[in-house]
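# Commentary on secondary and tertiary structure
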Amino acid sequence: MAYIYCVANQKGGVGKTTTAVNTAASLARRRQKVLLVDLDPQGNATMGSGIEKTECSNTVYEVLIGKADLDDVVVKSDVGGYDVLPANRELAAAEIDLMNFKNPDQRLKEVLEAVADKYDFILIDCPPSLTMITVNALCCAQGVIIPMQCEYFALEGLSDLVNTVKRVRHNKNPQLTAIGLLRVMYDGRITLQQQVSEQLKQTFGDRVFDTVIPRNVRLAEAPSYGEPGIVYDKSSRGAKAYVAFGRELLARVKQDFSDKE
Ligand code: ATP
Ligand code: MG
């Protein structure tokens, strides 16, 4: 059974997609079978995996509203070594269309259940919102990775997100237990970033991943070549950090599983 993690933060541009794409590629490098679900109408995870979003005749949208089978829509990211359930701007309509379903927040869970046996990991790249699409992701995940920049305002939105996660866990999905904060775009030369990073550790303890992703221009360049950063320039500091993060995530998941057995 796949371990399902979503990458979420309602703030825009904090590194969700970069984390989702590079973590998928990093896990694939470790011989994990990975499905990356693009759950953002921007389609950035699709494009960043080397798949042209405008050429996808069917996407996650058709799967969610029951007009296509997931198996027929999934495409292989040759460059990343993982499968992708692509998205494009059509997905924006899902917020309204899902309301026609009896359990609109459970649709993604229903469609992923059919393929959960085929993968070791399913990673979901969420849009910058806490609306129905993101709630769908939280309803089917065991874990949530929250990428954060170590800035003052980063902490402000965090409580909204953590409260949403807790609400979903309490009312909808008791399996959603693993919350991990990932420090991204980190620049250790900036004192404020050091302070916020320390504050995160003190407040959230081992819920903060040990790996820190540095600010690194190679990670930002990679999507324009349709490649995950860890493929585009594997010797860059950013790539090395995401490779380390894949290793850490895998170790944590194994630990979680053995704790529950
Ligand atoms: P959105 O909320 O719009 O979906 P996002 O949270 O998915 O955004 P990304 O698209 O991953 O964020 O990143 C935002 C921008 O920052 C992108 O241009 C990306 O290439 C760049 N970026 C992400 N991580 C890093 C990093 N570690 N170093 C340098 N640039 C980065
Ligand atoms: Mg994104």
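Preceding this section is the structure that the text describes.
This part covers the nonpolar core. Counting residues in each nonpolar core, the largest one holds 55 residues, and the members touching the most others are V37, L112 and I124. With seven residues, the single largest contributor to this core is helix α7 (residues 132-140). Once residues lying within four places of it in the same chain are set aside, the contact partners of L112 are L35, V37, L70, I122, I124 and C140. Residues V7, I51, V184 and F209 belong to the second largest nonpolar core, which totals 34 residues.

This part is about unusual backbone geometry. In this model, R31 sits at a positive phi of 65°, which is unusual for a non-glycine residue. Mapped onto the elements of the fold, R31 is located in the loop between α1 (16-29) and β2 (34-38). Using a relative accessible area of 76% as the deciding quantity, one classes R31 as exposed. Phi is positive for M185, close to 50°, though the residue is something other than glycine.

The next thing to look at is the site of ligand 1. Around ligand 1 sit 18 residues in total, of which K16, T17, T18, P214 and N216 are the nearest. Within the backbone of G15, an N or O atom sits 2.9 Å from an oxygen atom of ligand 1. T18 has a polar side-chain atom sitting 2.5 Å from an oxygen atom of ligand 1. Notes on ligand 1: free accessible area 620 Å², of which the protein chains cover 81%. Because more than half of its atoms lie within 2 Å of the grid, ligand 1 is assigned to the largest pocket. Elements with a minimum of two residues in the shell around ligand 1: α1, β8 (208-214) and α10 (217-221). With three residues, α1 is the single largest residue contributor to the shell around ligand 1. Of the residues belonging to the shell around ligand 1, the class tally is seven nonpolar, seven polar and four charged.

Quick notes on the rules
Residues numbered from 1 in each chain as written. Chains lettered and ligands numbered in written order. Predicted model: local features only at pLDDT ≥ 70, side-chain atom pairs only at ≥ 80, totals over all residues. Heavy atoms only, no water. Core = buried A, V, L, I, M, F, W, Y, C linked by side-chain atoms within 4.5 Å. Buried < 20%, exposed > 50% of the residue type's maximum accessible area, 1.4 Å probe, protein only. Helix = DSSP H or I, 4+ residues; strand = E, 2+ residues; numbered from the N terminus. Contact = heavy atoms within 4.5 Å. Near = heavy atom within 4 Å. Polar contact = N/O pair within 3.5 Å; in protein donor to acceptor, adjacent residues only side chain to side chain. Areas by Shrake-Rupley, 256 points an atom, 1.4 Å probe, with all protein chains shown as cover. 1 Å grid on protein atoms, 1.4 Å probe; cavity = no way out; pocket = protein on both sides within 12 Å on 5 of 7 lines; lining within 4 Å. Sits in = over half its atoms within 2 Å of the grid points. Nonpolar A, V, L, I, M, F, W, Y, C, P; charged D, E, K, R; others polar.

Any link to function would need more than the numbers given here.
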